[in-house]
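This is what each chain is made of:
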Amino acid sequence: MTDSTDTAPPPAEEGLEREPTPSDSLRTFGAMVQALREHAGFSRAEFGEMVRFSKHTVASVELGRRMPDISFVERADEALGNTGALRRAAAFLTRGEAGLAVWFRRWARLERVAVSLSTYECRLVPGLLQSEGYARALFENRLPLLTDEQIEAQITARLERQKMLRDRPDVPFGFIVEEYVFRRTLDDPEMTRDLLDCVLDHTARRNVTLQIVPLNVGLHSCTDGPLRLLETPERRRVAYSEGQENGRLISDAKEVSLLQQRYDTLRSQALTPKESRTLLERLRGEL
């Protein structure tokens, strides 16, 4: 007898970590464990006793919700025929969406399928427009300090997200950024030149527009902070707001409508895309 529909929340168990976002490899490995278990005729409870983990942990592994400990893999492979298949498959397991903050992952998934994206930023150059050197400097100065491996994972994830600008030419990407973000003095002038070159390169695409809010605009409709908006394939609008160590996905129609009004109002106050590029080119020439 099998119990593949058992989806009770698993308790914490030593040796296994709950994955905030299952990767394809975890799902595939889990499906493989489940198929072999069911073929052998074991329930999750029976199989759990054999591998010395609870049935809830077995369920979590089979559903791709947990990274299996090596002891789980070894015992499971032995219990299911000792073919070595699970041991070999485990070597290819990867965690889901490395390099993305937990609170950002839902938004990142929506980004991949959105039919339009709009971003307002007042703190730093938006991630989709950053140069590798600028992104590296941001991650190297983050607190608490990141390990070298974490920094590389963050940079890889950021550069991977940027491919959307190139690979989805039929999707409009709009950016509104405060002028002082580009005027911020960086430690290395060469880094600033590379950053401006990178932004100019990204925004040269027909589907990408950048509007800069000049210093003389003063107070405006988006002074409450950064803002992102997107439209899903179902024509539903969603917003995202991010702060210190947190982010909020906003789906309430009234709130999203208000944020869209603020964004549209600011867009009318910002420089045109052509004027914005001219300003960036002038800043680049001054270096």
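In this report, we go over the structure that sits alongside the text.

Right, let's talk about the sheet that holds strand E5 (residues 208–213) for a bit. Strand order in this open sheet of six strands is E5-E4-E3-E6-E7-E8, and the pairing throughout is mixed. A single partner strand is all that each edge strand has here, and the edge strands are E5 and strand E8 (246–250). Within the sheet, the average angular offset between the axes of one strand and its neighbour, ignoring direction, is 15°. Of the strand pairs in this sheet, strand E7 (residues 237–243) and E8 are connected by five bridges, and their pairing is antiparallel. Counterpart to Tyr240 in the pairing with E8 is Leu249. Docked against the sheet, helix H6 (residues 105–113) engages strand E3 (116–121), strand E6 (227–231), E7 and E8, running at close to 45° with respect to E6.

This paragraph deals with the pattern of salt bridges. Taken as a whole and assessed by the stated rule, the structure comprises 20 salt bridges. A salt bridge links Arg183 to Glu179, with the shortest nitrogen-to-oxygen separation between them at 2.7 Å. A residue pair is termed a helical-turn pair when its members lie 3 or 4 positions apart in one helix, as Arg183 and Glu179 do in helix H9 (residues 179–183) at four residues. The class of Arg183 is partly exposed, set by a relative accessible area of 37%. Accessibility expressed as a relative area gives 8% for Glu179, which makes it buried. Bridged by salt links that share partners, the residues Arg37, Glu38, Arg44 and Glu62 form one connected network.

Rules used throughout
Each chain carries its own residue numbering, running from 1 in the direction its sequence is written. Selection of residues for local features in this predicted model requires a pLDDT of at least 70, selection of side-chain atom pairs for listing and counting requires 80 or more, and totals for whole chains, interfaces and linings are taken over all residues. Computation of side-chain values: all heavy atoms of the structure, hydrogens and water removed. The pairing criterion is simple: DSSP has to find at least two bridges between the two strands. Each helix corresponds to a stretch of at least 4 residues labelled H or I by DSSP, and each strand to a stretch of at least 2 residues labelled E; elements are numbered beginning at the N terminus. Here the axes come from fitting lines to C-alpha atoms, over the contacting stretch only for helices, and the angles between their N-to-C directions go from 0 to 180 degrees. Contacts between residues were defined by any pair of non-hydrogen atoms, one from each residue, lying within 4.5 Å. Throughout this description, the term salt bridge denotes a Lys or Arg side-chain nitrogen within 4 Å of a carboxyl oxygen of Asp or Glu. Categorising residues by exposure relies on relative accessible area from a 1.4 Å probe, with only protein chains included: less than 20% of the type maximum marks a residue as buried, more than 50% marks it as exposed, and the intermediate range marks it as partly exposed.

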